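For reference, the chains in residue letters:
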Amino acid sequence: MRIKFTKMQGAGNDFVMLDETRGQYGLSSAQYRFLADRHFGVGADQILSVRPSPSPGIDFEYVIHNCDGGEVEQCGNGARCFVRFVREQGLTNKLLVRVKTLSGVIEPCMQPDGRVTVNMGAPVFELAQLPFDGSGLSPMLVGQWEQWPLALEGRESEAAMAVALVSMGNPHAVQVVADVDSAAVAGSGPLIENHPRFARRVNAGYMQIVSPSQIRLRVYERGAGETLACGTGACAAVVAGIRLGLLEPQVDVQMRGGELTVAWSGQANAPVLLTGPATTVFESEIDVPDDL
Ligand SMILES: N[C@H](CCC[C@H](N)C(=O)O)C(=O)O
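Residues numbered from 1 in each chain as written. Predicted model: local features only at pLDDT ≥ 70, side-chain atom pairs only at ≥ 80, totals over all residues. Heavy atoms only, no water.

**Remarks on the overall build of the chain**
So, point 1. Per the secondary structure count, the chain includes four helices and 19 strands.
So, point 2. The globule rule puts the C-alpha radius of gyration for 292 residues at 19 Å, and the 18 Å found for the chain is close to it.
So, point 3. Its C-alpha atoms give the chain principal-axis dimensions of roughly 50 × 40 × 35 Å.
So, point 4. Considering only contacts within the chain whose residues lie at least 6 apart along the sequence, 61% involve residues at least 24 apart.
So, point 5. Summed over all atoms, the accessible surface of the chain reaches about 11900 Å², with 49% contributed by carbon and sulfur.
So, point 6. Between the mean site of the 23 positive side-chain charges and the mean site of the 32 negative ones, the chain shows a separation of 3 Å. (Helix = DSSP H or I, 4+ residues; strand = E, 2+ residues; numbered from the N terminus. Rg over C-alpha atoms; globule rule 2.2 N^0.38 Å. Contact = heavy atoms within 4.5 Å. Areas by Shrake-Rupley, 256 points an atom, 1.4 Å probe, with all protein chains shown as cover. Lys, Arg positive; Asp, Glu negative; His and termini not counted. Charge placed at Lys NZ, Arg CZ, Asp CG, Glu CD.)

**Let's talk about the packing of aromatic side chains**
So, point 1. Per the stated rule, a full pass over the model turns up seven aromatic pairs.
So, point 2. Consider the rings of phenylalanine 60 and phenylalanine 82, whose centres lie 5.8 Å apart with planes at 70 degrees: the pair is edge-to-face. Taken together, the residues phenylalanine 60 in strand S4 (residues 60–66) and phenylalanine 82 in helix H2 (residues 76–88) connect sequence positions 22 residues apart. We note that phenylalanine 60, like phenylalanine 82, is buried.
So, point 3. Between the aromatic rings of phenylalanine 125 and tryptophan 264, the centroid separation amounts to 6.2 Å while the plane-to-plane angle is 55 degrees, which identifies the pairing as tilted. Pair noted here: phenylalanine 125 is in the loop between strand S8 (116–119) and strand S9 (140–142) and tryptophan 264 is in the loop between strand S17 (258–263) and strand S18 (273–276), with a separation of 139 residues, a long-range link.
So, point 4. Note on phenylalanine 125: relative accessible area 16%, which makes it buried.
So, point 5. On the accessibility criterion, tryptophan 264 (2% relative accessible area) is buried. (Phe/Tyr/Trp six-rings, centres within 6.5 Å; stacked < 30°, edge-to-face > 60°. Buried < 20%, exposed > 50% of the residue type's maximum accessible area, 1.4 Å probe, protein only.)

**Describing the site of the ligand**
So, point 1. The full set close to the ligand counts 15 residues, and Asn13, Glu221, Arg222, Gly231 and Thr232 are the nearest of them.
So, point 2. Note that an oxygen atom of the ligand is positioned 3.0 Å from one of the backbone N or O atoms of asparagine 77.
So, point 3. Separating an oxygen atom of the ligand from a side-chain N or O atom of asparagine 170 is a distance of 2.9 Å.
So, point 4. Compared with its free state, where it exposes 360 Å², the ligand has 100% of that area covered by protein.
So, point 5. Taken together, the elements giving at least two residues each to the shell around the ligand come down to H2 and helix H4 (231–243).
So, point 6. Residue composition of the shell around the ligand, by class: three nonpolar, 10 polar and two charged.
So, point 7. Shared between two domains, the shell around the ligand holds at least three residues of each, these being domain 1 (2–109 + 278–287) and domain 2 (127–276). (Near = heavy atom within 4 Å. Polar contact = N/O pair within 3.5 Å; in protein donor to acceptor, adjacent residues only side chain to side chain. Nonpolar A, V, L, I, M, F, W, Y, C, P; charged D, E, K, R; others polar. Domains from an automatic or database assignment.)

**So, the pattern of salt bridges**
So, point 1. Under the definition given, this model contains 20 salt bridges.
So, point 2. Residue arginine 2 is joined to glutamate 285 by a salt bridge in which the shortest nitrogen-to-oxygen separation is 3.0 Å. With arginine 2 in strand S1 (residues 2–10) and glutamate 285 in strand S19 (residues 279–287), the pair connects residues that are 283 residues apart, well separated along the chain.
So, point 3. Overall, glutamate 285 belongs to the partly exposed group, its relative accessible area being 42%.
So, point 4. Ionic pairing is found between glutamate 107 and arginine 98, a salt bridge with its closest N-O pair at 2.6 Å.
So, point 5. One continuous salt-bridge network, built from bridges that share partners, spans Lys7, Asp14, Arg38 and Asp45. (Salt bridge = Lys/Arg side-chain N within 4 Å of Asp/Glu carboxyl O.)

**Topic: the domain arrangement of the chain**
So, point 1. Per the domain assignment, the segments of the chain are domain 1 (2–109 + 278–287) and domain 2 (127–276).
So, point 2. For domain 1 versus domain 2, the distance between C-alpha centres works out to 25 Å.
So, point 3. Taken together, the 18 residues of domain 1 in the interface contact 22 residues of domain 2.
So, point 4. In this assembly, domain 1 packs against domain 2 so that about 1300 Å² is buried in total across both faces, 46% of it on carbon and sulfur atoms.
So, point 5. If you sort the residues of domain 1 by the area they bury against domain 2, Ala11, Glu73 and Arg80 come out on top, with a joint share of 35%.
So, point 6. One can count three salt bridges joining domain 1 with domain 2.
So, point 7. Ionic pairing is found between glutamate 73 and arginine 200, a salt bridge with its closest N-O pair at 3.7 Å.
So, point 8. Connecting domain 1 to domain 2 are seven residue pairs in polar contact (both at pLDDT 80 or more).
So, point 9. No other element matches the three residues that H2 contributes to the side of domain 1 that touches domain 2. (Buried area = accessible area lost by both parts, 1.4 Å probe.)

**Quick notes on the nonpolar core**
So, point 1. Membership of the largest hydrophobic core comes to 56 residues, with the highest contact counts inside it found for Tyr62, Ile215, Leu217, Val253 and Met255.
So, point 2. When residues in this core are grouped by element, the largest group, eight residues, is from H4.
So, point 3. Domain assignment of the residues forming this core places at least three in each of domain 1 (2–109 + 278–287) and domain 2 (127–276).
So, point 4. Discounting residues that sit within four places of it in the chain, tyrosine 62 has contacts with Leu48, Ser49, Gln74, Cys75, Gly78, Ala79, Phe82, Val99, Lys100, Thr101 and Ile106. (Core = buried A, V, L, I, M, F, W, Y, C linked by side-chain atoms within 4.5 Å.)

Written as structure tokens, this is what we have:
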């Protein structure tokens, strides 16, 4: 099957964008994995599909697949690329678009300086929504919030990791570390991602507090491994830091692929605003095997 695509990236988190506003390709998980494969396909962390508005007042639908082929609820860096894509493809001339995702409606808006600000909606703290099974565990209270002790498989002799749990539509387990560069992301990331207490797995964030308004962050993403940036991960880390009493309402988030800004008032139902770059890299076509 011949597929037209656009390659984009937001702070180094990279995407294959598919325009499915005039019909869907009907891709299988294996075909999404092929498109994301950095040796045999195009190469990307996620595949983002643009589909027509599902209802009045909504401009588009946004479908997200990780490079492992699984569909997920939300992607913050992708949302910024989304609005640049639909404008550059002539699908809208709006600066702010309302987009339906699996986890609700988000609103990416082009800024005059070329960056994009996304209203990512309010964070969710109910453990059942993540979902996370905390049975038999006693959380530690830090600031106005809990950190959960997470013993990692095969490392029972080591101290449990203290993780803060936040959903931005997709699940995040965030821990505070002294230095992101020496954090054992490659070792502990997969163990956290696949921990049995997370029924739908989880994104693992490693946050270094530089100041009340600046953090450094690495994220081992569910279904993708460590990426150069994670938008929902940046939102989850800042929300966790504010709730733990460590951060101010607006924070610069330095990730390996670039810098994002996250703002959240701290009020439970207040939206999280994510601002950062969105870049078109190239457009092309590719033959996707039908028999994967
Ligand atoms: N790996 C994530 C999806 C992509 C999120 C990330 N690329 C972002 O910018 O938010 C998950 O499985 O929930």
